[in-house]
Amino acid sequence: MLVGMTVYHCPADGTRSEITALTWCCPVCRGPWDLDFTPAGGVAPNALSGRVDSLWRYEEFLPLAAPPISLGEGRTPLVPLTETVSAKLDYLMPTLSFKDRGAVMLAELARRLGPDRVVADSTGNAGTSIAAYCARAGLPCTVYVPEGTSPKKTEQIRAHGAHLVTVPGGREATALAARGAADGPGVFYASHVFNPYFLHGTKTYVYELWEDLGGRLPDALAVPVGNGTLLLGAALATAELHALGLIETRPRLIAVQAEAVAPLAAAFHAGADDLPPADPAAVVPATLAEGIAIPRPPRARQILAAVRASGGTFLTVSEDRIREAQRDLAGRGFYVETTGVACWAAVREGGRAAPGSVVVPLCGAGLKTGMAG
Ligand SMILES: Cc1ncc(COP(=O)(O)O)c(C=O)c1O
Ligand SMILES: [Zn+2]
């Protein structure tokens, strides 16, 4: 059952659509959908003990009921790094990245809708995760990735039985190829960017922190931002917890991008509400943080608004700082992929960047990329 009478709505122009349709974007502006969803009610964090040991324990807050295709995703450990900074080990997820939080939602939605096939596009981890959950759900799946995606990620996608399409020309070209396929009949586009169910999965990152910290949240959440799915999930969860009276203050969102590909950081610091018009001649520089190298995130406007509303900011990290942070974490026992170290790279040099208590996600396993040097 889809919970309640949920519908998609377009945050830009208010267009609405039934969830049962395979319409993956707003037919008026081609933008991403949001979900009309309000949690069924609150629950005290200490009332959760004894529930299933996965993200499905937060059932009051989720738009889908616990599915048979769960791989036990969620409930990742929170481990101190310094006196004020803790790491949440989302690289310990079933497919070794935080994307499982959202992918399980999309695969479960697809399973209920029964499409002929599922299509996804990704810099690697989201596609891997969709491939795994589609395998679990018995759904045929095609994943589009940009040329140059880490070989371990493409190997993992293939291992789950998905059809892999490598697209020349970078992340934008990959997204366009997938969207072309998504317009075909009988296709469910498991887009972590356009489909809002994904954000209702990533939001469990914050529900877990809230439970682990006894009904509180840290002063700040540092979050890597490419398409902003973890960031928007975090914003959603803090808004829901606040609306239900389950937290008093909301954490600042510290959004982190690679210096080489930082369109949102630039827009934020220029005081803009959205990205400037696309420059078709622009070349996207390479970065070690491949998972957040997104030149034109479709939810840019929402991401900028969420960071501002939280009183947070954008930080950027150089390639050297990414390399150093990865070595530093490995030296402390955490083997993390190059994108997954970006937040630690941004906040590790003291409290000025993010004063107070802060949680950083270590959100992809080191085995996916190896060491950068
Ligand atoms: C390890 C890792 N961290 C962060 C991100 C960024 O997520 P998003 O594009 O939703 O902001 C990704 C995306 O692929 C990733 O793989
Ligand atoms: Zn629209």
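Above: the structure in question.
Residues numbered from 1 in each chain as written. Chains lettered and ligands numbered in written order. Predicted model: local features only at pLDDT ≥ 70, side-chain atom pairs only at ≥ 80, totals over all residues. Heavy atoms only, no water.

A.B. asks: What's the story with the sheet that holds strand β1 (residues 7–9) in this structure? I'm lost.
C.D. replies: Sheet strands line up and pair through hydrogen bonds in the backbone, either parallel or antiparallel. Taken in spatial order, the three strands make up an open sheet running β2-β1-β3, and their pairing is antiparallel. Both edges of this open sheet fall to β2 (16–18) and β3 (34–35), since each of them pairs with a single strand only. (Pairing = 2+ DSSP bridges. Helix = DSSP H or I, 4+ residues; strand = E, 2+ residues; numbered from the N terminus.)

A.B. asks: I tried to follow the coordination of the zinc ion (ligand 2) on my own but got confused; where do I start?
C.D. replies: Taken together, the protein donors to the zinc ion (ligand 2) comprise Cys10 (SG), Asp13 (OD), Asp13 (OD), Cys26 (SG) and Cys29 (SG), at separations of 2.2 to 2.7 Å. Sequence positions of the residues that donate to the zinc ion (ligand 2) give the spacing C-x2-D-x12-C-x2-C. Taken as a pair, Cys10 in the loop between β1 and β2 and Cys26 in the loop between β2 and β3 lie far apart in primary sequence, 16 residues in all. The burial state of Cys10 is the same as that of Cys26; both residues are buried. (Donors = N, O, S within 2.8 Å, 3.2 Å for Na, K, Ca; no water. Buried < 20%, exposed > 50% of the residue type's maximum accessible area, 1.4 Å probe, protein only.)

A.B. asks: What's the story with the packing of helix α1 (residues 100–113) against helix α2 (residues 125–137) in this structure? I'm lost.
C.D. replies: In helix packing, the relevant descriptors are the interaxial angle and the interaxial distance, both defined with respect to the helix axes. Viewed as axis vectors pointing N to C, α1 and α2 meet at an angle of 40°, and their least axial separation amounts to 9 Å. In terms of orientation, α1 lies oblique with respect to α2. α2 is crossed by α1, and the crossing has right-handed handedness. Residues Asp100, Ala103, Val104, Leu106, Ala107 and Arg111 of α1 form the contact with α2, whose participating residues are Ser129, Ile130, Tyr133, Cys134 and Ala137. Residues belonging to the contact of α1 with α2 are distributed by class as follows: eight nonpolar, one polar and two charged. (Axes fitted to C-alpha atoms, helices over the stretch in contact; angles between N-to-C directions. Parallel < 35°, antiparallel > 145°, perpendicular 65-115°, else oblique. Left-handed = near helix turned anticlockwise from the far one by under 90°. Contact = heavy atoms within 4.5 Å. Nonpolar A, V, L, I, M, F, W, Y, C, P; charged D, E, K, R; others polar.)

A.B. asks: Would you mind showing me how to read the pairing of strand β5 (residues 85–88) here?
C.D. replies: Walk down a regular strand and you will see the side chains alternate between the two sheet faces. Here β5 shows no split at all, with Val85 and Ala87 on one side and Ser86 and Lys88 on the other all buried. With three bridges joining them, strand β4 (residues 78–80) and β5 adopt antiparallel strand pairing. Within β5, the position partnered with Pro80 by the bridge is Ser86. The turn joining β4 and β5, which pair antiparallel and follow one another in sequence, is formed by four residues. Summarising the sheet, β5 and strand β13 (residues 358–361) pair through four bridges and their orientation is parallel.

A.B. asks: Can you walk me through the pattern of salt bridges in this structure?
C.D. replies: Pairs can form between side chains of opposite charge once their charged atoms are near each other. In the structure shown here, the tally under the stated rule is 23 salt bridges. Glu208 is paired through a salt bridge with Lys88; the nearest N and O atoms lie 2.7 Å apart. With Glu208 in helix α6 (residues 204–212) and Lys88 in strand β5, this pair connects stretches of sequence that are 120 residues apart. We note that Glu208, like Lys88, is buried. The residue Asp328 makes a salt bridge to Arg332 at a minimum N-O spacing of 2.9 Å. (Salt bridge = Lys/Arg side-chain N within 4 Å of Asp/Glu carboxyl O.)

Read these as layout, nothing more, since geometry by itself doesn't imply function.
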